[in-house]
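Chains, contacts and geometry: an overview
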Amino acid sequence: MDNEIKDMLIKLLEGQTRLETEINGVKNDIKKNSIKLEAIEKKIDIITEVQTSHKEQNEKSFKNTDSVIEEKASLMEISVKSVSKDVKEIKESIEVLKDMTGRHEVDINILKRRPV
């Protein structure tokens, strides 16, 4: 019986040693994974900073572009109004000239200038 108990104790100790070895392996794997996880977290933080910076740059760029577009649109609106006013004045001047020189004579000259 002593041999049986001794054999059982030896088997228990061998099993315990195997378990300790496996536990140490798992602990090492956990340490490696923790190190990898920290590296990934650092990379994610860097990516987040870069994306935030790009977002801010894009927002500034769009604001500048929007203000330039608004300025140009305003200038174009003023220009169109000015040109429209000038065209209206020119039309009125032409009507006055027609009245002064005679409508028929102006119409004849216009027809003469048109290609046939």
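Residues numbered from 1 in each chain as written. Predicted model: local features only at pLDDT ≥ 70, side-chain atom pairs only at ≥ 80, totals over all residues. Heavy atoms only, no water.

1. Description of the overall build of the protein
Quick note on the threshold: Where helices and strands are cited, they refer to DSSP runs of H or I of at least four residues and of E of at least two residues respectively, numbered from the N terminus. Here the open area of atoms and residues is found with the Shrake-Rupley method and a 1.4 Å probe, where only the protein chains shown may cover a residue. For the purpose of charge, His is not counted, nor are the chain termini; Lys and Arg are scored as positive and Asp and Glu as negative. For the purpose of locating charges, the reference atoms are NZ of Lys, CZ of Arg, CG of Asp and CD of Glu.
For the protein, the count of helices and strands is two helices and zero strands. With the C-alpha coordinates aligned to their principal axes, the bounding extent of the protein is approximately 145 × 35 × 15 Å. Approximately 11,400 Å² of the protein is accessible, and the part contributed by carbon and sulfur atoms is 60%. Charged side chains of the protein number 22 positive and 24 negative; the gap between the two group centres comes to 7 Å.

2. Quick word on the environment of Thr65
For clarity, the cut-off: Pairs of N or O atoms within 3.5 Å make up the polar contacts considered here, provided that, within protein, one atom can donate a hydrogen while the other can accept it, and that residues adjacent in sequence are counted only when both atoms are side-chain atoms.
For Thr65, the location among the structural elements is in helix α1 (residues 2-101). A distance of 2.8 Å separates a polar atom in the side chain of Thr65 from the backbone oxygen of Ser61.

3. Description of the pattern of salt bridges
A side chain with one charge may pair with a side chain of the opposite charge, provided their charged atoms come close. This is how the line gets drawn: Any carboxyl oxygen of Asp or Glu within 4 Å of a side-chain nitrogen of Lys or Arg constitutes a salt bridge here. Burial classes: relative accessible area under 20% of the type maximum marks a residue as buried, over 50% as exposed, and values in between as partly exposed (1.4 Å probe, protein chains only).
On inspection of all chains with the given rule, the structure shows two salt bridges. Residue Glu77 pairs with Lys81 through a salt bridge whose shortest N-O separation is 3.4 Å. Linking Glu77 with Lys81, this pair stays in helix α1, spanning four residues, or about one helical turn. Judged by relative accessible area, Glu77 falls into the partly exposed class, the value being 46%.

4. Here we look at the packing of α1 against helix α2 (residues 103-113)
We apply this condition: Orientation is described by axes fitted as lines to C-alpha atoms, over the contacting stretch for helices, and by angles from 0 to 180 degrees between their N-to-C directions. For classification, angles of less than 35 degrees are called roughly parallel, those exceeding 145 degrees roughly antiparallel, those between 65 and 115 degrees roughly perpendicular, and all remaining angles oblique. What makes two residues a contact is simply this: any of their non-hydrogen atoms within 4.5 Å. Side-chain classes are defined by residue name, with Ala, Val, Leu, Ile, Met, Phe, Trp, Tyr, Cys and Pro counting as nonpolar, Asp, Glu, Lys and Arg as charged, and the others, Gly among them, as polar.
As a packed pair, α1 and α2 sit with axes 6 Å apart at the nearest point and diverge in direction by 115°. As far as their axial angle goes, α2 and α1 are roughly perpendicular. Each of Glu95, Lys98, Asp99 and Thr101 in α1 lies in contact with α2, whose residues at this interface are Arg103, Glu105, Val106 and Asp107. Taken together, the residues of the contact of α1 with α2 break down into one nonpolar, one polar and six charged.

5. Concerning a nonpolar patch on the surface
As a reminder of what qualifies: Exposure above 30% relative accessible area and no salt bridge define the residues that can form patches, which grow by joining like charges within 9 Å and nonpolar side chains of Val, Leu, Ile, Met, Phe, Trp and Tyr within 5 Å.
A grouping of Met1, Ile5, Leu9 and Leu12 is seen on the molecular surface, where their side chains present a nonpolar patch of about 470 Å² in accessible area. Structurally, Leu9 is set in helix α1.

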